[in-house]
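Chains, contacts and geometry: an overview
Letter by letter, the chains look like this.
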Amino acid sequence: MKHGIEQLVPLAILLSFIGGMANALVFHRTKKSVGVQFISWVCLLLSLTVNISMWRYLGHHKPLEYFFGGWPAPWGITFYVDRFAVAFCTLVSTLSLLSWTYSFHKQPALHRSLFFILQMSLYGMILTQDFFNFYVFLEVCSICLYGLLSDPNEPRSYLSVFRYLAVNTVAASLYLIGLAFVYSQCGSLNMSDLVSLIDLEDLPNKIGIGLMVVGFSIKTALFPLHFWLIDTYGNSKAQNTGFIASIVTKVFCIFLLRIFYSMLGHGEEALKLLSYLGILAWVSIALAPLLASKQKDLRKILAYSSISQIGYIIVGLAEGSSLGLYAAILQIFHHAVVKLTLFFVADEMNSQWGSYDVLHMANLPKHSKLITLACCMALLSLIGIPPLPGFFVKWMLIQSAMTQGHWVVIAIIAIGAMTSLLYTLRMIEIMFFPHTPWTESSSSKPHWNVYAPIAVALVLLMLQVGLLNQLLSWSQLTRYQP
Amino acid sequence: MVTTDEVSAVNTLEKQHLLWLALSCPLWSSLGILVFQKRANVRDALPMIAALVQLILFFQMFPMINEGSVIQAQGPSWLNGSIEFTLDSFGLLFATLASFLWLLTSLYSVGYMRGGQYKHQTRFAFFFSICIFSTLMVALSGNMLTLFVGYEILTLSTYPLVMHQQSEAATRAGRQYLLYTLGAGQLILIAMIAFYHLFHTTSFHPGGYAFSMYSEHSVALVVIFGLFMIGFGVKAALFPLHSWLPSAMIAPTPVSALLHAVAVVKSGVFALCRVIGFLYGIETMKALHLDLVLGFLAAFTILFASTRALGETQMKKILAYSTISQLSYILLGMAIGTTAAVLGAIFHMVAHAFMKITLFFGAGSIQIQTGKTDIEQMEGLGKNLPITFVCFSVGCLSMIGIPLFVGFVSKWQLITGSLRPVHGGWVWVWIASTLLNIAYFFPIIYKAFFHARPSGDFFKEGSWSLWLPIGISTLMVIVLGIQPDFLFSFYQLALLTTGAIVP
């Protein structure tokens, strides 16, 4: 067993790294290099295959652990793969394949390289068990984001990226300080080690974890700390933002989930910390859609919508029940696919009609039936129309809240559904019932690489309801084994 | 040797397939409409074929339901919810009603849409089929979740139909409709989950679940009932939540006829009847005094809407207010809860559907042929459009409750059901409402037949696809008034349902 399947664990990271380096090698060239493109495709497809095969393997095997350099837990860095983690890795590789298919031909080489490195850091953040190692990947991820979110044609994007950098640095420092507290108290940074060492009754531990949580509340853009997200998403290219909006903020949610459910084993003290986050999330859910309905730029609408949708994940986590957890997990999947689709639509609008103005959506039904259908389904799923996956998120959240008597959560979800109706309804109305006489703009037929990812995303959205039954088999998501 | 048990099992399986087929008929039709959108005749024939097939299928299933058994089909199931379809007498009644009237309406809408030269006819036909699909889903649902899924799809698919003209007013009506109904959907969702939380099931069970434990959960049950009542009350147009219906009359007439008199509003009423009869049980409702709440609200709606109808001069607005008051007949009947009242309430779903569709078809034909929508303009039109106006008058008379028309059958039951001393007060509501009905329907008939046409312009009847459906529905109004079991055994189905839910 020693040199068996666990050697696959770091493979996805390695493949993304190779892809990134290969693209970096040719970034000074103006012409495209066929060889590098070939390598990139191979890397993406291989990492998807690796993840899927691991997922299948873990269906009837125990979770895997990988020790870097052969150093065991307290000293070396370990990666831990259970079915849950590998499901998210598969999500990352699927979405990156879709987003690469969509955008590879129009990305500058530097962005292509950063895209791969970003993927690498995401895999790392999902798999690692070491708090400090997480921090390293976090910084790698941030640097990639600074690059990907700046758009040379949009001077404002530099300002917003700079702001993002400032806020992000604060968040990362908070995390680092928190980590120092925990380390000083427990003497270890390995999660499976900390399971037995950490005790939240100790004040320093509590402060440490609390600081991390505050850091993550900035990173996941919960309500009062959301401003950076609107600016950065609203000023950069939708082709990059799509991938970032759909997966990066989720990874922090996944890490929160790891800390609270796998490491702290949802104890009472821990849940109290999470419930503070939950309160911020209530505000996000109820208010962000209102702000979204005021925007003209489609990217900003989507940014506000992201804020409210991430709120649902956090509320699910804060519930502290298995139903709440299922809801959070399903919401991560659901929102990732929905946002990717909608940002593709935004990008397609920009490349056809030259701006991200939401009024351009009136052209969509004439432009392409498939894109319109995907867009509609995504929007309807956002409001939670049955039997789309968004509905089941709410269904489980309300059930969980009802079992525990969290009446505010129920009210917030109902209010959130009503307020999100405002912006989704507006977009649907613009698409199908443009009431001011809309002069139709001409458009060229989209390429296969626009159609294909959107079609696949649509299929994924439809299939997600089936995930619900899978969730049950993820009961392995219990505490780490020390 | 095949035993009787095995035979019945085979039969059930066969019936199950028939159920799936019947349910999917409107879906096939909507697909076909998209495929044949360039060939208008094929496109418009498809819904009629689908409606006919589906009607025959439901006809096939009647004997089994009549014996007292139900047909069940299991859809996909999730974590703690599943899609279940159950065909019982109540569901069959609603499904048959919707299918038959869909047949008539799709014939009528061909004449109406082409005669009125409406745009986007494919979109119209497509969403119409989807609407019928979701109505069937509501009718055949075996538990609250399935009903809710159908209910929400119904909301969404009606929205493009309301906004069909894409004018400023239509847009406003569409928005209002969607905000009202989707907002109410949230309450239903919460109520449904709360009910599940208490009883660990939302499957429909004749007589309900709640009676054995109503005392320990009385507050929760009252709150949940209130949420259901508000949630479904939007589509059932209960008093403070009714205002979307008159403004939704901006939609093309076939939509108003089928959806705003039968499918959409009736699915609200149907769902509320399911809640009362199949989740709560009439006894529980009475024990918690919820019948008084529902009864007073419904009675107020009846009188309020009839009074509002008196003040309107637009034909479709009058019909809309009349619909609002008639829907509350059904709810008041359920609230009274005696055998006769419930029977009357359930049969009134059928009776009102036939009467109201006749009236709407009539109003639509008048509008298409003459362009007139105001009752002041109806003077003397009865001589120009004899078929339409005779049919319209029959509809009015039946609405008032004259014997030998279908409206009388249900009204008789409703009134006799409320004659018992406990319910005595309700009788005055029926009487007052009847008087109001006379007051707002008679002027139309009088103006049309007994006033002279002011100046020389002359109108004639439209194409056969306009007057044939009106003729058929008028005939049904008369025939069902004499023999309520004619062809579809609606009365028998209503009796079966009443027997199942009334203690």
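The rules we used
Residues numbered from 1 in each chain as written. Chains lettered and ligands numbered in written order. Predicted model: local features only at pLDDT ≥ 70, side-chain atom pairs only at ≥ 80, totals over all residues. Helix = DSSP H or I, 4+ residues; strand = E, 2+ residues; numbered from the N terminus. Buried ≥ 20, exposed ≤ 12 C-beta atoms within 10 Å, placed from the backbone. Rg over C-alpha atoms; globule rule 2.2 N^0.38 Å. Contact = placed C-beta atoms within 7 Å. Core = buried A, V, L, I, M, F, W, Y, C linked by C-beta atoms within 7 Å. Axes fitted to C-alpha atoms, helices over the stretch in contact; angles between N-to-C directions. Parallel < 35°, antiparallel > 145°, perpendicular 65-115°, else oblique. Left-handed = near helix turned anticlockwise from the far one by under 90°. Nonpolar A, V, L, I, M, F, W, Y, C, P; charged D, E, K, R; others polar. Expected span 1.5 Å × (residues − 1). pLDDT = per-residue confidence, 0-100. Pairing = 2+ DSSP bridges.

1. Some thoughts on the overall build of chain B
Of the regular secondary structure elements, chain B holds 19 helices and 2 strands. A principal-axis box enclosing the C-alpha atoms of chain B has dimensions of 70 × 55 × 45 Å. Each of the 503 residues in chain B was classed as buried or not, and the buried ones make up 60%.

2. Structural notes on the overall build of chain A
Looking only at helices and strands, chain A features 19 helices and 2 strands. Taken over C-alpha atoms, the radius of gyration comes to 22 Å for chain A, in line with the 23 Å a tight globule of 482 residues would show. Taken along its principal axes, the extent of the C-alpha atoms in chain A is 65 × 55 × 45 Å. Considering chain A as a whole, with its 482 residues, one finds that 57% of them fall into the buried category. Partitioning the intrachain contacts of chain A with sequence separation of at least 6 by distance along the chain shows that 79% fall at a separation of at least 24.

3. What to know about the nonpolar core
All names here are of chain B. If you look at the biggest cluster of nonpolar residues, it comprises 366 residues, and the most contacted ones within it are Ala98, Leu272, Leu331 and Ile357. The element contributing the most residues to this core is helix H13 (residues 339–370), with 20 residues. Setting aside chain neighbours within four positions, we find alanine 98 in contact with Ile132, Thr135, Leu136, Ala139, Val262 and Ala263.

4. Regarding the packing of helix H11 (residues 290–311) of chain B against helix H17 (residues 426–450) of chain B
Residues and elements named next belong to chain B. Running from N to C, H11 and H17 cross one another at 15°; their axes reach a closest spacing of 9 Å. With respect to their mutual orientation, H11 and H17 come out roughly parallel. Relative to H17, H11 is oriented so that their crossing is left-handed. Residues Gly295, Ala299, Ile302, Leu303, Ser306, Thr307, Ala309 and Leu310 of H11 pack against Trp426, Val429, Ala432, Ser433, Leu436, Asn437, Ala439 and Tyr440 of H17.

5. Some thoughts on the environment of A:Asn23
Residue and element names in this part refer to chain A. For asparagine 23, the position within the fold is in helix H1 (residues 11–25). In this structure asparagine 23 comes out as buried when scored by C-beta crowding, with 26 C-beta atoms within 10 Å. Between the C-alpha atom of asparagine 23 and that of serine 113, which follows or precedes it by 90 residues, the distance is 4.9 Å. Those residues in contact with asparagine 23 that sit more than four places away from it in its chain are Val36, Ser40, Ala109, Arg112, Ser113 and Phe116.

6. Focus: the interface of chain B and chain A
Taken together, the 23 residues of chain B in the interface contact 24 residues of chain A. Looking at the side of chain B that touches chain A, the elements that each hand over two or more residues are helix H5 (144–162) and helix H6 (168–199) of chain B. Across the side of chain B that touches chain A, the residue classes tally to 14 nonpolar, 6 polar and 3 charged.

7. Some thoughts on the environment of A:Gly19
All names here are of chain A. Relative to the assigned elements, glycine 19 resides in helix H1. Among the residues examined, glycine 19 registers 28 C-beta atoms within 10 Å and is labelled buried. Sequence separation between glycine 19 and glutamine 37 is 18 residues; the distance between their C-alpha atoms is 9.0 Å. If near-sequence neighbours (up to four positions away) are discounted, glycine 19 is found in contact with Ile39, Ser40, Cys43, Leu44 and Phe116.

8. Quick notes on the environment of B:Ala271
Along the chain, B:Ala271 falls in helix H9 (residues 253–280). When sequence neighbours within four positions are dropped, the list of residues in contact with B:Ala271 reads B:Val138, B:Leu147, B:Tyr151 and B:Phe232.

9. Some words on the packing of H13(B) against helix H18 (residues 464–482) of chain B
Residue and element names in this part refer to chain B. H18 packs onto H13 with a crossing angle of 155° between their chain directions and a minimal axis gap of 9 Å. Regarding the angle of H13 to H18, the classification is roughly antiparallel. The chirality of how H13 crosses H18 is left-handed. For the pair formed by H13 and H18, the contact residues are Phe354, Met355, Ile357, Thr358, Phe361, Gly362, Ser365 and Ile368 on the first element and Leu466, Trp467, Pro469, Ile470, Ser473, Thr474, Met476, Val477 and Leu480 on the second. Across the contact of H13 with H18, the residue classes break down as 12 nonpolar, 5 polar and no charged.

10. Notes on helix H8 (residues 203–219) of chain A
Residues and elements named next belong to chain A. Along its 17 residues, H8 runs 24 Å from first to last C-alpha, staying within 8% of the 24 Å computed at 1.5 Å per residue. Burial runs high along H8: 13 of the 17 residues are buried. Where H8 terminates, the next one or two residues include alanine 221, which has phi positive at roughly 60°.

11. Thoughts on the confidence of the model for chain B
Residue and element names in this part refer to chain B. Mean pLDDT for chain B: 84, with 96% of residues reaching 70 or above. For chain B, the element scoring lowest by mean pLDDT is helix H14 (residues 381–384), at 76; helix H12 (residues 315–336) scores highest, at 89. Overall fold confidence for the complex sits at a pTM of 0.85, while the interface term, ipTM, reaches 0.78.

12. Concerning helix H15 (residues 386–400) of chain B
Residue and element names in this part refer to chain B. Along its 15 residues, H15 runs 21 Å from first to last C-alpha, staying within 8% of the 21 Å computed at 1.5 Å per residue. Within the span of H15, buried status applies to Thr388, Phe389, Cys391, Phe392, Ser393, Val394, Gly395, Cys396, Leu397, Ser398, Met399 and Ile400. Contact partners of the buried residues in H15: H12, H13, H14, helix H16 (406–417), H17 and H18. Downstream of H15 by a residue or two, glycine 401 has a phi angle that is positive, lying close to 105°.

13. What about the pairing of strand E2 (residues 78–81) of chain A?
Residue and element names in this part refer to chain A. Along E2, one buried face is formed by Thr78 and Tyr80 and the opposite face, lined by Phe79 and Val81, is buried too. Direction of pairing for strand E1 (residues 64–67) relative to E2: antiparallel, over a ladder of 4 bridges. From the neighbouring strand, phenylalanine 67 faces E2, where its bridge partner is threonine 78.

14. Structural notes on unusual backbone geometry
All names here are of chain B. With a phi angle near 60°, histidine 289 is a residue other than glycine that sits in the positive phi range. Relative to the assigned elements, histidine 289 resides in the loop between helix H10 (282–287) and H11. Positive phi values are uncommon outside glycine, yet serine 489 reaches one of about 55°. Structurally, the position occupied by serine 489 is in the loop between H18 and helix H19 (490–501). On the basis of neighbour count, serine 489 is assigned to the buried category, with 21 C-beta atoms found within 10 Å.

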